[in-house]
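Coordinate inspection notes
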Amino acid sequence: MALHASLSSSSFNYGWTFDVFLSFRGIDARHGFTGNLYNILHAKGIQTFFDDDKLPRGTQITPFLSSAIENSRIAIVVLSQNYAASSFCLDELTTILECVKGNGRLVLPIFYDVDPSDVRHQRGSYGEALARFEERFKDYDKEKVHQWRQALHQVANLSGQHFKLGNEYEYDFIQKVARDICNKINRVPLYVANYPVGLKSRVLEVNKLLNDGPNDGVHMAGIYGIGGIGKTTLARAVYNLISDQFEGLCFLENVRENANKYGLEHLQEMLLCKILGEKDIKLASASEGISVIKHRLCRKRVLLILDDVNKQQQLQKLVGGLDWFGSGSRVLITTRDKHLLACHGVERTYELNGLSWEDSINLFKWNAFKSNQVDPGFKHIINDAVTYSARLPLALEVIGSNLYGKTIEEWKSALNRYKRIPERDILEILKTSYDALEEDAQNVFLDIACCFKGFHLTEVTDILRAHHGICPKHAIGVLVDRNLMKVNQNGKVTIHDLIEEMGKEIVRQEGKPGQRSRLWFPKDVVHVLEDNEGTHKIGIIYLDLSNSKEKVVDWDGKAFKDMKSLKTLIIRNACFSQGPRYLPNSLRVLEWWGYPSDTFPIDFRPKKLVMCKLPTSHLLSFNLLEKQKEFVNLRDLIFDGAEHLTSIPNLSCAPNLKKLSFAKCENLIEIDESVGFLGKLKILDAEGCSTLRKFPPLMLTSLEELYLSHCSSLQSFPEILGKMENVTWLSFQNTAIKELPFSIGNLTRLQGLDLDKNGIVQFPSSITQLPELIHVSIRGSLYSQNEEGEVERRRMRSLNKSVESHCNMSDEIFPTVFAWFTIDVEELELSRLDFTVLPACITECLRLKKLKLDQCYNLREIKGLPPNLETLCATACRSLQALDLTIPLAATKEYHSLRRLILDNCKNLQVIKGIPPNIEVLSARNCTSLTYSCRNMLLNQELHEEGGSRWLLMPGSRIPEWFQHQSSGWKISFWFRNMLFPAISLCFVCNTKFYFCAVLKINDTAVHKWQLTNKGCWSAPVPEVEVEADHIFILDDKHMKSNDMNQVLLQSNEWNHAEVSIVKYPEGRQTLIDMQTGISIFKEKGSVDDIRFTDPYNKRIHDHVYWDWSSMASAQTSSTSNVKGNTLFLQNLISGSRNNYS
């Protein structure tokens, strides 16, 4: 026990002190029912905690009692008539549910001559007891009574035993309970681990996954992860934790191995024997087994765990469907193959990853030292060992055990050997996943493990497609599903360090470096190249000397002569004493950064070359293409930054080229016209070719991307000779282009133009024929002229126009430039401009939906807006004083489409006229100059009752008086019945900045989360709405999503408790300071008799007090003093009611 005690902080301890903890009310059952139950359990050898009279009792649960509860395997709660009258019993019940039920163990309620529904809803003696406690704690601890109500509701919903006096003999009932407890206690827990470090949190997470949803449903979940990660250990721990809750149990270990040895019929027989407690069940076939399992177990609550499953057939024959098992059953599957779970329809999955660094250190210490108290001299070498183990529990245990009792010098020697030759016991476990792969997946795995870890997935796919001649996506998918590799959030390929080592060791076993299929280790590659030891067995070479001391390969250039099968050669960050004299004609992928020669070997004829990447090479010309008449396989040709290259040769010999890049070739002056006729080319990148003056005409029907930016000498845009429907974006910043050709109209799918830093550019009239152009980014003056030289008005649908601030667009030139737009424009950004009044002509833009006027510092007035505008952003317009949103007299209210109005930091804004009823977002943060009448208009009750859901933010420090219920603190409650959730308005005022993120609970179950954003504006949405200090925030919710209500069972014909609470606090604080909260229920959504703002179950109050809606309505039309009078009347009535019942 000393060992387990030492591990208690970081492990999951199964050494219970007591088998059973008995919770009961002494005056009801100590010397009767509960005493008899204790005696029978004690006689059967069941260690039972029985709180006798000798134990001192008080008003709080003592640490001793709390420890007894926490260290009990099962808790029995005897709910008798007077149980709820004891605050000590209620505290004990709360502790039991937190410590026992909360950790997945069994809580068995016994309803001793009480109706379970009375306990659940606190009626009868339970209701009276709770009412007395509410009266006692009303001034200082209301939350405690609320917790007791929750605990009683929760325990009453558990499966238990009901004893009714007169229905049966008490002795027989007690014997039945004792037998049930004996059966559970007699189950021997499975062995989990000598040192269960880091297990507790994982067990609880899996248990939560298994129990997410209704208790009576059948739930199936899966744990997946690489070999040696601890899946079986975790599954055993979960089994031990929750097994007491089930009628039948079965843990089938090593399904993969046993299915291969004995067949699935044998596993079906084992499953039935274990769950049914029968021997010698024999099945003729797996098909018969399916029928027997479904028939015998469909009404039985079972826990079934299948460990190490590797084929779908195993799942189909053993756990074919949820309907095979009885209500409340749980099925847990462990596997290395995530895809297997998906194919069987298992949606609840848990990916098991390596231990945390701290837990890895602790587990290693326990295995290497049998203690976590270690000589500090071992600290660094322990870190080295854990780093090598890559937080894999199997490796930590094996290596730690092997080093037990050794000196530091022996440790260093052993770790150096492990780095060269991985521990065989670990590799054998990991290698089983590799052995189960098909040959193509094995090859792809070895390629990635040895050479391509850390590469972007797209790059790996392209390289392997070229190398193998087939698409590797299926094989890569298999590797991901079987946890042999992953793709991180940045799209890069990752592999567990020990999985990587396993793959590399497989290749090492092929022989000396020159005899291996893949070379990746820098010393091995340099050795083979410098000593000319290459052979025909080498298929891939990857060399990167960025982390090596030696950067130069001193060779004679002949090393590739005997590598007849070399398909992929990738060289990065390495210098060579001379260029290659030979290159294999077998090459399919050639990537050589800084290629050291000005030409290719004379006999190099790579007919199968697919990818040729030679960035920053010393090539003078691309003579390779001149020697070979046909490169039908060439897809990528990249020679960026080739400073000596002056011309692009004829490329008609590469008709299937998809990517051509010669970016930053600063001395390039000529491009052959054949480049413009490569029919399959998708990417053409000439960015940064600063001396290039002319670009050939283009007839590239497949082209998707064209880059010409920073070609500072390029004077004309290339002619487009025919329809090019795949180019959607053009960027040519910082060029000398002055005019776009009429043929640009052939780019029929163009959506964006980036023309920054190009001076004056003339647009042809054909640009008006581009129906999908939605964005133009410009700097300088733009003119679009027809033949007569008149300004051509734009006729493009959905244009989003961005005008930069340095254009200095004043009132004088604004109307002229604005004429460049059309009434068809949908999005318009005019931020940081110098005009003072938004011109009335903007109302002609009938299609305009979004208008952005941010930081227009001289803008003083906005007079009218387009009728279909949905979003207006005008933040930090520091001169703006008036905003008129009034719609035309002839229009209806529905005509106004404005939904989002963002006016933050307009500190001189005084008047907002014509707020439409359909507004959804109105943010006036820091608009401190709003007039009194304007503030009243924004806070008017009628505005908030009209329209749909919305939120409003503006300066203010008081909740409007029309809110029917107000309170101090970060949460507010009400009760409702006989209806769906009503439409509500919430109001929050705080003296501290906070982020609005609120949760709605109904009957203590979270069913909805309000997490509002500024979605719909140009700026990126923020996670939550930021509410400044001394601001009013109002949220009107008129249509709560019905599916939210499906998550909670509304109690029909009974009161449902709704609670709204803020869950996002200011940084560094655990509570909100001086938060004022208000709520108003919209009357049309429900009956006035079915809403309460005080607890209806507190009968002394609610039988006499309810909110008087009619009084409230009249008060709203009367003076403020009348409202205060009604409020005072209500307070006096509540106070009087309490006095009458004190």
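As the structure is a prediction and not an experimental result, all values here were calculated from the model.

Turning our eyes to something else, we now look at the pairing of strand E14 (residues 540-544). The element E14 is largely enclosed, with a buried count of 5 among its 5 residues. Residues Ile540, Tyr542 and Asp544 line one face of E14 and the alternating positions Ile541 and Leu543 line the opposite face, and both faces are buried. Pairing between strand E13 (residues 518-519) and E14: 2 bridges, direction parallel. Note that in E14 the partner of Leu519 across the bridge is Ile541. For the crossover from E13 across helix H26 (residues 522-531) to E14, the handedness is right-handed. Sheet analysis places E14 next to strand E16 (residues 568-572), joined by 5 bridges and oriented parallel. The partner of Ile540 across the bridge, within E16, is Thr568.

As enumerated under the stated definition, the model contains 39 aromatic pairs in all. Between Phe560 and Trp592, the aromatic rings sit 6.4 Å apart at their centres with planes inclined by 70°, giving edge-to-face as the arrangement. In this pair, Phe560 sits in the loop between strand E15 (552-553) and E16 while Trp592 sits in strand E18 (residues 589-592), placing the two residues 32 residues apart along the sequence. Under the relative-accessibility criterion, Phe560 is labelled buried at 1%.

With respect to the helices and strands, Phe369 occurs in helix H17 (residues 357-369). Residue classification places Phe369 among the partly exposed positions, given a relative accessible area of 23%. The spatial distance from the C-alpha of Phe369 to the C-alpha of Tyr404 is 5.9 Å, given a sequence separation of 35 residues. Among all residues touching Phe369, those that are not within four sequence positions of it are Val374, Phe378, Ile382, Tyr404 and Trp411.

With that settled, consider the packing of helix H18 (residues 379-389) against helix H19 (residues 393-402). For the pair H18 and H19, the least separation of the axes is 9 Å and the interaxial angle reads 140°. In terms of orientation, H18 and H19 fall into the oblique class. For the pair H18 and H19, the sense of crossing is right-handed. Counting all contacts with H18, which are made through Val386, Tyr388 and Ser389, the residues of H19 involved are Ala395, Leu396 and Ile399. Considering only residue class, the contact of H18 with H19 consists of 5 nonpolar, 1 polar and no charged.

With 83% of its residues at a pLDDT of 70 or more, the chain shows a mean pLDDT of 82. Every residue in residues 779-808 is under pLDDT 50, and counting partners more than four places away or in other chains gives 93 contacts. Overall, residues 889-895 carries pLDDT values under 50, and its contacts beyond four positions in sequence, including any with other chains, amount to 7 contacts.

Spatial strand order, E33-E35-E37-E39: 4 strands in an open sheet with parallel pairing. One side of each edge strand has no neighbouring strand; the edge strands of this open sheet are strand E33 (837-838) and strand E39 (911-913). Strand direction decides the pairing type here: E33 and strand E35 (residues 861-863), joined by 2 bridges, are parallel. Bridged to Val837 within E35 is Glu861.

Attention now goes to helix H7 (residues 124-136). The first and last C-alpha atoms of H7 sit 19 Å apart over 13 residues, in line with the 18 Å expected at 1.5 Å per residue. Turning to H7, its buried residues number three or more, namely Tyr126, Gly127, Ala129, Leu130, Ala131, Phe133, Glu134 and Glu135.

In space, the 5 strands of this open sheet follow the order E7-E8-E9-E6-E10, with parallel pairing throughout. Strands at the two margins of the open sheet, each flanked by one partner only, are strand E7 (248-252) and strand E10 (348-351). This sheet shows a mean twist of 15° between the axes of neighbouring strands, independent of strand direction. The sheet contact formed by E7 and strand E8 (residues 302-309) spans 5 bridges and is parallel. Bridge pairing in E8 places Leu252 opposite Leu306. Strands in contact with helix H11 (residues 231-242) are strand E6 (219-224), E7, E8, strand E9 (330-335) and E10; relative to E7, the strand with the most contacts, it is inclined by about 170°. Strands in contact with helix H13 (residues 264-276) are E7 and E8; relative to E7, the strand with the most contacts, it is inclined by about 145°.

Thresholds, definitions, all that
- Residues numbered from 1 in each chain as written.
- Predicted model: local features only at pLDDT ≥ 70, side-chain atom pairs only at ≥ 80, totals over all residues.
- Heavy atoms only, no water.
- Buried < 20%, exposed > 50% of the residue type's maximum accessible area, 1.4 Å probe, protein only.
- Helix = DSSP H or I, 4+ residues; strand = E, 2+ residues; numbered from the N terminus.
- Pairing = 2+ DSSP bridges.
- Right-handed = clockwise from strand over helix to strand, strands pointing away.
- Phe/Tyr/Trp six-rings, centres within 6.5 Å; stacked < 30°, edge-to-face > 60°.
- Contact = heavy atoms within 4.5 Å.
- Axes fitted to C-alpha atoms, helices over the stretch in contact; angles between N-to-C directions.
- Parallel < 35°, antiparallel > 145°, perpendicular 65-115°, else oblique.
- Left-handed = near helix turned anticlockwise from the far one by under 90°.
- Nonpolar A, V, L, I, M, F, W, Y, C, P; charged D, E, K, R; others polar.
- pLDDT = per-residue confidence, 0-100.
- Expected span 1.5 Å × (residues − 1).

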